[in-house]
Amino acid sequence: MSKFIDKTLSNAIGYIQQSIYSEKYAKRNGLLQGIDGRAKIIALLFLIISAVYAKTIDMLLFFIVLSMILAAASKIPLSFFIPRVWFFVPLFTGIIVLPATLNVVTPGKEIFTLMAIKSWHLSVTKEGIHAAAILIARVAATSSFAILITLTTRWNDAVESMHDLKFPKVFVLVLSMSYRYIFLLLDMVKNMLLSRKSRVMGKEKSMGSWKLYSPIIASLFMKAFSLNGKVYHAMLARGFGNEPQSMKKKSISIKSVLFLLLCTSLAIAMLICERQEVVQCLLP
Amino acid sequence: MPSPVIELHNVSYTYPDGTEALKNITAKIFEGESVAIAGPNGAGKSTLLLIMGGLLAPSSGEVKIFGKKIDGKMISNVKKMYEVRKKMGIVFQDPDVQLFSSTVHDDVAFGPIHLGMSMDEVESKVSDTLKFLGLEHVAEKHPYELSGGEKRKAAIATVLVSSPDVLLLDEPTADLDPKSRKEFVELLKKLKDGGKTIVIATHDMEMLPEIAEKIFVIDRENITEGNLRDVLMDEKLLEEANLDVPLVARLFKMLESSGLNCDEIPFNTDGAIEKIRNMVNG
Ligand SMILES: Nc1ncnc2c1ncn2[C@@H]1O[C@H](COP(=O)(O)OP(=O)(O)OP(=O)(O)O)[C@@H](O)[C@H]1O
Ligand SMILES: [Mg+2]
């Protein structure tokens, strides 16, 4: 048992470190990697908003396919990209999606009945399934674009772009600091596990091993807490709190501007279509 | 007489958990001085540096930096502390605390940006400093990816880049390999000759004779101020403070106790060579 915990813990840590940290895909030279961070964030945000408002399955499928094309053009293997997207979908749709299929939430044409007590019954409706499918597709489309941003942007560029786009300073700072220290803390856990292992002789009972983990977690929190105070000192010492001079204005490449225009106009066009339900009219 | 840069009068500091780290400490540091702070583990050296740097307010007593009185209210006022921060650089004992940005380059740029330099100036200073410390190849790396010594150098770079007048250094030579350590000592000498004020907390006694004239030996409530040479000759004080004398000095002390007459004990190799040459030549 304890071996299992050790293994899963260190594997999980290793996985997080590698996958977030390696910036493997962000370093490739694909389509999105070559787009200016600011343009990319705005463009994909527009697509996300447009996907949030999309009401038809066709349109959401269009967004999902678009995200896959963008991923492929950015040299992200679909075998990596798609599972990652579908990992997030249940996290966000979660349990909402199941009741949505039922007549009590979404009334409509009943397909089959799950339960009937006298005149009251619980059944799955056609409209319910439709609503659930839209919900799932919408989450898939929006997470696809969000994941594309994170996969193709190096962390520093993302932070800098958010800064340039006037995201709240504290927000950007907290994000970049947590990125900096998550590794330190993960490393600490790994080292603590190692040093514990090196001191534990023979076989431990699984109960005992559980007891051994709580101090590790407690000391991790203590360390995180004290680090926080010390890091604040280190920042103060170097002038934190003064308004920084505006960052150097970087010029945006034509490719980035084109990409931005294309994505935003596509997103806006989709929004308008959706509103006027032009699509329904055009489709036979 | 140069003016005092840092003045502590009867300063005590108690951490929130009740640990009394410093008690009734009085000390003055003058412009252009290089001062060592030595003492056993847990003696309060790091705490003392934080107080001298205007980051911690004393629990009681008075602290003046550049003649300005520093208290809790003052410290939380970013605008009022600006002048102090601009002229003062602190290298913390733990480089993981010092390096809080996501790349070495950004970290080195943090100080100059926040102290109001223009972006062009920042870039040129950052690249000069990185080059000077031999860190160009790790500029775009995450601090997490650095070796212990590289981290230490990067921490030093974050402070040198703003060329502060006063440098507070907490164990700056820990983790450095012998060559880097030597280069760092040379750098400190140069800074000292350039008129900077340097305060350095360290256990590295070998390095001190090269750079410090004055030393504070501290242990919570005792602070002994002295000329470095006198302190290095005071066996009892050194013993109490868990300190060592430089190897060369130890050798000459042993020679002296076995009957050799040398009126002044040398503390570094240059001094020793000189001494031996004199003795050989009669
Ligand atoms: N954040 C803190 N909270 C509580 N106590 C602390 C804190 N930091 C330091 N101390 C305590 O204050 C005392 C002085 O610590 P300080 O770090 O100043 O010692 P030091 O002389 O720098 O030691 P070292 O040579 O090991 O670096 C120690 O007893 C330490 O345990
Ligand atoms: Mg210390």
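Since the structure is predicted, the reported quantities are computational estimates derived from the model, not experimental observations. (Residues numbered from 1 in each chain as written. Chains lettered and ligands numbered in written order. Predicted model: local features only at pLDDT ≥ 70, side-chain atom pairs only at ≥ 80, totals over all residues. Heavy atoms only, no water.)

Caption draft 1: Representation of the domain arrangement of chain A. Residues and elements named next belong to chain A. The domains assigned to chain A are domain 1 (1-27 + 155-248) and domain 2 (28-153 + 250-279). Taken together, the contact pairs 15 residues of domain 1 with 16 residues of domain 2. Surface buried jointly by domain 1 and domain 2 totals about 1,300 Å² across both partners, of which 61% is contributed by carbon and sulfur atoms. Sorting the residues of domain 1 by area buried against domain 2 places Tyr 25, Ala 26 and Leu 165 first, and these three jointly supply 46% of that buried surface. Here domain 1 is connected to domain 2 by zero salt bridges. Summed over the shared surface of domain 1 and domain 2, the result is three residue pairs in polar contact (both at pLDDT 80 or more). When residues of the side of domain 1 that touches domain 2 are assigned to their parent elements, the largest contribution, seven residues, is made by helix H7 (residues 155-164). Taken together, the residues of the side of domain 1 that touches domain 2 sort by class into seven nonpolar, two polar and six charged. (Domains from an automatic or database assignment. Contact = heavy atoms within 4.5 Å. Buried area = accessible area lost by both parts, 1.4 Å probe. Salt bridge = Lys/Arg side-chain N within 4 Å of Asp/Glu carboxyl O. Polar contact = N/O pair within 3.5 Å; in protein donor to acceptor, adjacent residues only side chain to side chain. Helix = DSSP H or I, 4+ residues; strand = E, 2+ residues; numbered from the N terminus. Nonpolar A, V, L, I, M, F, W, Y, C, P; charged D, E, K, R; others polar.)

Caption draft 2: Inspection of the coordination of the magnesium ion (ligand 2) at higher detail. All names here are of chain B. Within the protein, the magnesium ion (ligand 2) binds to Ser 46 (OG) and Gln 93 (OE1); these donor distances fall in the range 1.9 to 2.1 Å. Placement of Ser 46 in helix H1 (residues 45-52) and of Gln 93 in the loop between strand S6 (88-91) and helix H4 (95-98) is noted, with a sequence separation of 47 residues between them. With relative accessibility at 25%, the residue Ser 46 sits in the partly exposed group. (Donors = N, O, S within 2.8 Å, 3.2 Å for Na, K, Ca; no water. Buried < 20%, exposed > 50% of the residue type's maximum accessible area, 1.4 Å probe, protein only.)

Caption draft 3: Expanded view of the confidence of the model for chain A. When the pLDDT values of chain A are averaged, the result is 77; 72% of them are 70 or greater. Put simply, helix H11 (residues 278-282) of chain A is where chain A has its lowest mean pLDDT, 56, and helix H3 (residues 57-73) of chain A is where it has its highest, 93. (pLDDT = per-residue confidence, 0-100.)

Caption draft 4: Focus on unusual backbone geometry. All names here are of chain B. Backbone geometry places Asn 24, a non-glycine residue, at a positive phi of 50°. Inspection of the secondary structure puts Asn 24 in strand S2 (residues 20-30). With a relative accessible area of 43%, Asn 24 lands in the partly exposed category. Phi at Arg 220 is positive, roughly 60°, even though this residue is not glycine. Checked against the element boundaries, Arg 220 lands in the loop between strand S9 (214-219) and strand S10 (222-227). A relative accessible area of 35% means that Arg 220 is categorised as partly exposed.

Caption draft 5: Representation of the domain arrangement of chain B in the model. All names here are of chain B. By domain assignment, chain B separates into domain 1 (1-87 + 164-244), domain 2 (97-163) and domain 3 (246-282). Here domain 1 and domain 3 have C-alpha centroids that lie 30 Å from each other. On the domain 3 side, the residues contacting the nine residues of domain 1 number eight residues. Here domain 1 meets domain 3 over a buried area of about 890 Å², counting both sides, of which 55% is carbon and sulfur. Looking only at domain 1, the three residues that lose the most surface to domain 3 are Glu 206, Arg 229 and Met 233, adding up to 49% of its buried area.

Caption draft 6: Broad picture of the side chain of Asp 96 of chain B. Examined against the element boundaries, Asp 96 of chain B turns out to sit in helix H4. Within polar-contact distance, the side chain of Asp 96 of chain B engages the side chain of Lys 151 of chain B at 3.1 Å.

Caption draft 7: Structural detail: a nonpolar patch on the surface. Residue and element names in this part refer to chain A. Together, Val 104, Val 105, Ile 111, Phe 112, Leu 114, Met 115, Ile 117, Trp 120 and Ile 129 make up an exposed nonpolar region whose accessible area comes to about 870 Å². Among the elements that make up the nonpolar patch, the one with the highest residue count is strand S1 (residues 110-117) (five residues). Along the chain, Met 115 falls in strand S1. Met 115 gets classed as partly exposed once you look at its relative accessible area, which sits at 42%. (Patch = residues over 30% accessible without salt bridge, like charges linked within 9 Å, V, L, I, M, F, W, Y side chains within 5 Å. Areas by Shrake-Rupley, 256 points an atom, 1.4 Å probe, with all protein chains shown as cover.)

Caption draft 8: Molecular detail of the sheet that holds strand S1 (residues 4-14) of chain B. All names here are of chain B. Sheet architecture is open: four strands sit in the order S2-S1-S4-S5, paired in antiparallel fashion. Because the sheet does not close on itself, it has two edges, and the strands there are S2 and strand S5 (68-69). Taken together, the seven bridges between S1 and S2 define a ladder with antiparallel strand orientation. When the bridges of S2 are listed, Pro 4 appears paired with Phe 30. Of the strands in this sheet, S1, S2 and strand S4 (60-65) are in contact with H1, which crosses S1 at around 125°. (Pairing = 2+ DSSP bridges. Axes fitted to C-alpha atoms, helices over the stretch in contact; angles between N-to-C directions.)

Caption draft 9: Summary view of the environment of Pro 107 of chain A. Residue and element names in this part refer to chain A. Tracing the chain through its elements places Pro 107 in the loop between helix H5 (97-100) and S1. Given a relative accessible area of 61%, Pro 107 falls into the exposed group. Along the chain, Pro 107 and Val 124 lie 17 residues apart, while their C-alpha atoms are 8.9 Å from each other. The residues touching Pro 107, leaving out its near neighbours within four places in the chain, are Thr 125 and Glu 127.

Caption draft 10: Just the environment of Ile 75 of chain B, in detail. Residues and elements named next belong to chain B. By secondary structure assignment, the location of Ile 75 is in helix H2 (residues 72-75). Taking C-alpha positions, Ile 75 is 7.6 Å from Leu 56, a pair spaced 19 residues apart along the chain. Beyond its immediate chain neighbours, meaning those up to four positions away, Ile 75 contacts Gly 54, Leu 55, Leu 56, Ala 57, Ile 70, Met 81 and Arg 85.

Caption draft 11: The arrangement of helix H12 (residues 247-257) of chain B in detail. Residue and element names in this part refer to chain B. Looking at H12, one finds that the buried residues are Val 248, Ala 249, Phe 252 and Lys 253. Down the axis of H12, the smallest arc covering the buried residues is 135°, so these residues share one side. Those residues of H12 that are exposed and angled more than 90 degrees off the buried face are Leu 247, Met 254 and Ser 257. Contacts from the buried residues of H12 go to helix H10 (228-233), helix H11 (235-240) and helix H13 (269-280). Within two residues after H12, Gly 259 carries a phi angle of roughly 110°, on the positive side. (Arc of directions from axis to C-beta.)

Caption draft 12: Geometry of the pattern of salt bridges. All names here are of chain B. In total, this model carries 14 salt bridges over all chains according to the counting rule given. Measuring nitrogen to oxygen at the nearest pair gives 3.2 Å for the salt bridge that ties Glu 183 to Lys 179. Taken together, the residues span about one helical turn, with Glu 183 and Lys 179 both in helix H8 (residues 178-193) at a distance of four residues. According to the relative accessible area criterion, Glu 183 is partly exposed, its value standing at 43%. Here Glu 213 makes a salt bridge to Lys 192, at a shortest N to O gap of 3.3 Å. Residue Glu 213 is located in the loop between helix H9 (208-211) and S9, and its partner Lys 192 is located in helix H8; the two are separated by 21 residues in the primary sequence. Look at the salt bridges and you will find they share partners, linking Glu 33, Lys 214 and Glu 225 into a network.

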